[in-house]
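# Residue-level structural notes
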Amino acid sequence: MSVAIGTVGPGGGTSGSRRLVELIFRIREFGIIAVLLLFVAVTASIQPRFVNSQNIKFVFSNATIFALLAVGETLVVVTRNVDLSVGSVLGLSAFLSANLFSQVHGMPIVGVFAAGLAIGLACGAVNGAIVTLARVPSLVVTLATLYIYRALDVIIVGGGLVVASSLPNAFLAIPTASWSRLSAVPYLAIVIAAVVAASAYCLRSFRPGRELYAIGSNPEAARLAGIPSGKRIFFAFVMSGGIAGVAGVLWAATYGTVDSTAGYGYELTVIAAVVVGGVNIFGGSGTVVGAALGALLLATINQALYVLGISSFWDPAIDGFLILVAISLDHWISVRLTSALRKRSLHHAT
Amino acid sequence: MTFDGRVPSTGRTLDGPAPPAGPVGPLLELERVSKSFGAVHALVDTSLELYAGETHALVGENGAGKSTLVKVLAGVYWPDAGTLRLGGRSVVLSSPAAAREAGIAVIYQEPSLFPDLTVAENVFMGRQPLRSGRRVDSKAMRRRVLELLEPLGVRLDPERIARGLSIADQQVVEIAKALSLDARVIIMDEPTAALSAYEVDRLFRVVENLRASGAAVLFISHRLEEVFAISQRVTVMRDGHRVFTGPLEGLTSQDLVRAMVGRDVVERQSSQRVKPGETVLKVERLTREGVFVDISFEVRSGEIVALAGLVGAGRTEVARAVFGIDHYDAGAVHVAGHALRRGAPAAAMAAGVGLVPEDRRLQGLVMELSIASNIALASLGKLQRFGILRRAAESRFAADWATRLRLKYGRFSDPVSTLSGGNQQKIVLAKWLSRHPQLLVVDEPTRGIDVATKAEVHRLLGDLAHDGVAILMVSSELPEVLLISDRILVMREGRLVAEFSHEQASEESIVAAATGQTSKVPS
């Protein structure tokens, strides 16, 4: 049939470009793993102590909270929105939930987690409602709630403090519990990995998950396709809030001492992790797995600097550098890709 | 024009079930619909009937109301008056989703897909086939997309992402979407505008298949030969009115053109044409990777040179590169003998170049600012003293230009957004004319403005050329190109493929060059 003539070897042309695209997406996640391994290898060759189980454990327990937050943030960012309030939500939840142990005698740990989740969901619902109902850009809304939630935290905490001694040992053991004293991987890291995997599966395999990507990819087309954009975006903010709430409880368990500065500035680290993890800051593409890996990479770098005895003041500079690399890489890829595909169509036409 | 409600029996020689003969009601009926935007009456008392198993062409000049009609059918605009009946039942299309639900699918000239998602997801977004546990059944989705694409005779990988698909393939995805919805009415708004000859053939086969399987197709095109090739009936619109509906059989393109134009076309007076003077603009081998290649041409003083071609051929991009808004990878732009710095609009302005951009709302005007401020915007240097803008000078300045361009306005302090499209365009022109440019680059100068103002813009451009300004015009409207330009350069897929003098040029030769139906090389 004549069909075969015009589309430059239809099979070859289209699946060729598809392979290219797929490859790039794979490279995006493999790329983070490669950088991660490189970093570990270089650091370990300078300071072998870096790969002992104690350090690895520390990296994992550091990364878990950020990886968790990155999952929630990814849900929001793929819809072409952003949630800047996660650090404040975490702080609010950390204090209020941990404080329950001293407020309510015999408070079950599960109850504390439920409380943290509820606080987070409520904060997320407020964000989502303002963004979707009032149609205010999420950047502005969550910047406002970043301050408001933090202010609430400060007012509630006052000069107060939750100290480790007021918390049950079982609670404090959650972040570091593992198979044996020697095992480098805490249970919590496995649980978080499972959460990341489950989220990834949901985003891939359920309509609402695909619709989040559609909304971020082309909001107008999403509207025309009859996707309830408002509902979905609201959901993404609620999830992000809920996750930040749970992360707050984990934060309290990890650090033991909670004052009103808990989670201060976390939103930027989380967004850094998400961007480094290959999630397009303008929505439409990226995975929670990538974002979680981004968080792991940042935590590893943080720990490596510490082990190498480099001042932790360098840490933000390196995070910033990674963001630039990640964004330049994304831009470079998309420019290359577009021009490659365009050139192909120019060639076949002439 | 009366219509007796019968399906005409002409032009139906192809396979597929013929629509029932004899008097059947139309599948879709638009009755006495009107729609106004402010003072502009886009649709006036217009009716339209579409029958199952029939391709109905809708023709008319730009601004005749075709797009408004399409948007009413697509549920994007609510008509001010009139009724819509589907299968004899009165319906209200309150949203695009409602129109889709009612079985009306619209394929736009430039489809809007999800660039990050796969072809299959684009077709089924929001309606993906499910398997156990309400999970998306990717395999079934892939299979069904292949099934949908099969009769269209198009091979597309359902798993590739939509980014980078050609316009033709994007339309195919939209058509597959329409098919998956079992749309009974399929509206194609200038689907061939950006397609090559081969892709047009492919699209026509698809349309023929749709028609044969009992859909009502509304086909909008500027190319009359396409209308004759594919449709059985035609509706002609002019200035928001329906002026003709009837079977195509027995009609000629002259008949249609006469109905479309309905008035004498005033050509640019030959007395107005002057002998071109010095070369003002010289573009040498301008190349921007993947966008345009090796573009060389000259524009001389007193000359209007048109860049014609299909949407997406790279014309606007060339114009923007000349003015310095966009970068280019190789080549040079000379104005009056001096090379212009790349990517520096300020340098272009200093060299006496003005740009009237394609999208005046986004790029040409500050919609919230007053009429006076907008006119003065490019001349602030002249109107300031010690760095402070003199309001009185600004008003005088603006008033002067408003009179010269016969601007229709309420008060000078009104925001520009209150003006009609034509008057807005005059303001953009005034803004640049007040700088006395030696070269004016105008991109789609009359898009979306009414016929009377259009003529005024044409007169204005003619006057400017007469006064020795060199004009480079990008325009998709062939009548306009033929009417006012001295030379016509045709671009196709990023290349300059033909050049015509005013005398040589005809609508057919330009379309042929722009779509690659002939292999003309630049002379």
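Residues numbered from 1 in each chain as written. Chains lettered and ligands numbered in written order. Predicted model: local features only at pLDDT ≥ 70, side-chain atom pairs only at ≥ 80, totals over all residues.

Time to look at the sheet that holds strand β10 (residues 216-220) of chain B. Residue and element names in this part refer to chain B. Taken in spatial order, the six strands of this open sheet run β6-β9-β10-β3-β11-β12, and their pairing is mixed. The open sheet has two free edges, formed respectively by β6 (104-107) and β12 (241-247), since each of these has just one partner strand. The sheet shows a mean angle of 15 degrees between the axes of neighbouring strands, taken without regard to direction. Relative to β12, strand β11 (residues 233-238) runs antiparallel, the two sharing six bridges. Counterpart to Arg233 in the pairing with β12 is Pro247. (Pairing = 2+ DSSP bridges. Helix = DSSP H or I, 4+ residues; strand = E, 2+ residues; numbered from the N terminus. Axes fitted to C-alpha atoms, helices over the stretch in contact; angles between N-to-C directions.)

In this fold, A:Leu37 is placed in helix α2 (residues 10-46). Distance in space between the C-alpha atoms of A:Leu37 and A:Thr300 is 9.9 Å, their sequence separation being 263 residues.

Take the pairing of β10(B) next. Residues and elements named next belong to chain B. The element β10 is extensively covered by neighbouring structure, given that five of its five residues are classed as buried. Burial along β10 is two-sided: Ala216, Leu218 and Ile220 facing one way and Val217 and Phe219 facing the other are all buried. Summarising the sheet, strand β3 (residues 54-60) and β10 pair through five bridges and their orientation is parallel. Paired with Ala57 across the two strands is Phe219, which belongs to β10. Tracing the backbone out of strand β9 (residues 185-189), into helix α6 (residues 197-212) and back to the parallel element β10 gives a crossover that is right-handed. (Buried ≥ 20, exposed ≤ 12 C-beta atoms within 10 Å, placed from the backbone. Right-handed = clockwise from strand over helix to strand, strands pointing away.)

Both faces of the sheet carry side chains from a regular strand, because those side chains alternate between them. Residues and elements named next belong to chain B. Alternating positions in β6 separate into two faces, Ile104 and Val106 on one and Ala105 and Ile107 on the other, with burial throughout. Relative to β9, β6 runs parallel, the two sharing four bridges. Within the sheet, the bridge partner assigned to Ile107 lies in β9 and is Met188.

This next bit is on the sheet that holds strand β24 (residues 495-501) of chain B. Residues and elements named next belong to chain B. Across the sheet, which stays open at both edges, the six strands sit in the order β18-β21-β22-β15-β23-β24 with mixed pairing between neighbours. Only two strands of the sheet have a single partner each, and these edge strands are β18 (353-356) and β24. The mean inter-strand angle of the sheet, taken between neighbouring strand axes irrespective of direction, is 20 degrees. As judged from the five bridges shared by strand β15 (residues 304-309) and strand β23 (residues 487-492), these two strands associate in the parallel manner. Looking across to β23, one finds that Val305 is bridged to Arg487. Packed onto the sheet, helix α9 (residues 315-323) meets β15, β18, β21 (439-443), β22 (470-474) and β23 and runs at close to 150 degrees relative to β21. (Contact = placed C-beta atoms within 7 Å.)

Okay, the domain arrangement of chain B next. Taken domain by domain, chain B holds domain 1 (28-113 + 165-261), domain 2 (114-164) and domain 3 (279-515). A separation of 32 Å is found between the C-alpha centroids of domain 1 of chain B and domain 3 of chain B. (Domains from an automatic or database assignment.)

Quick look at the confidence of the model for chain B now. All names here are of chain B. With 89% of its residues at a pLDDT of 70 or more, chain B shows a mean pLDDT of 82. When pLDDT is averaged over each helix and strand of chain B, the minimum, 67, is found for helix α11 (residues 360-364) and the maximum, 94, for helix α3 (residues 119-124). Note on residues 1-23: pLDDT is under 50 here. Beyond four places in sequence and across chains, it has 35 contacts. As a predicted assembly, this complex carries a pTM of 0.72 together with an ipTM value of 0.83. (pLDDT = per-residue confidence, 0-100.)

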